[in-house]
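Coordinates in review
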Amino acid sequence: MSLLTVLLLVATFVLVGCKPVPNPDGQNSGGDTPTPNTPSQNVNVSDFLVSECLEKYRGLMYDNNDTIYAVAVNDSSLMIRNIAYFNCCSEEFWEELSMEGNKILIEIFEDDSEVCDCVCPVSVEFVLSNLELGQTYNIVLSRGYYGYFSFEVVFEKDTDLMFIK
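Definitions and cut-offs
Residues numbered from 1 in each chain as written. Predicted model: local features only at pLDDT ≥ 70, side-chain atom pairs only at ≥ 80, totals over all residues. Heavy atoms only, no water. Helix = DSSP H or I, 4+ residues; strand = E, 2+ residues; numbered from the N terminus. Contact = heavy atoms within 4.5 Å. pLDDT = per-residue confidence, 0-100. Buried < 20%, exposed > 50% of the residue type's maximum accessible area, 1.4 Å probe, protein only. Pairing = 2+ DSSP bridges.

Of note, Gly-134 is situated in the loop between β6 (119-129) and β7 (136-143). Taking the C-alpha atoms as reference, Gly-134 lies 8.9 Å from Lys-157; in sequence the two are 23 residues apart. Residues within four places of Gly-134 in sequence aside, it is in contact with Val-154, Phe-155 and Glu-156.

What follows is the structure in structure tokens.
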């Protein structure tokens, strides 16, 4: 092996092996690159919609409540859609978002002041905004305080996923 080949191999190993290492406290060491897996805490929910009762499924066991669809809307937003069961008399729904690290908790609540003796499948749809490309998010959907679905998404601008429990 020639001296030139050996020098090229050594130079390649040195250049490839020299990568910045994040500080243990998670702070950057002077560079502009954020520490991996520390998403922005500015994620929010918009376009929250709950359909009327899906009449054709009323009174039947509906298996699609175990399926979640997650589709990128643009390079910072993800639309999430699924079927969930709520009280038949509920007419008002709202959501609350909380975030801890890369975990996003979406709690969906209903006005159950008038309780009926039935449940109704409805389509729930909303958009998570201010997501970061390439970031991994653990998303937990909750009906009130009862978590009914959890999944992980590496957000990309072409994200188009279906999760089945």
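Attention now goes to the confidence of the model for the chain. Taken over all residues, the pLDDT of the chain has a mean of 77, while the share at 70 or more is 68%. Counting contacts from residues 4-36, a segment whose pLDDT is below 50, to residues more than four positions away or on other chains yields 11 contacts.

This part takes up the side chain of Glu-107. Assignment of secondary structure puts Glu-107 in strand β5 (residues 103-110). Not counting the four nearest positions on each side in its chain, Glu-107 is found in contact with Trp-94, Glu-95, Glu-96, Ser-142, Gly-144 and Tyr-145.

Of all 11 residues in strand β3 (residues 77-87), 10 are buried; the element is thus mostly enclosed. Alignment of strand β2 (residues 67-74) against β3, held across 6 bridges, turns out to be antiparallel. Within β3, the residue paired with Ile-68 across the bridge is Asn-82. What sits between the antiparallel neighbours β2 and β3 is a turn of 2 residues. Here β3 pairs with β6 via 10 bridges, running antiparallel. When the bridges of β6 are listed, Arg-81 appears paired with Glu-125.

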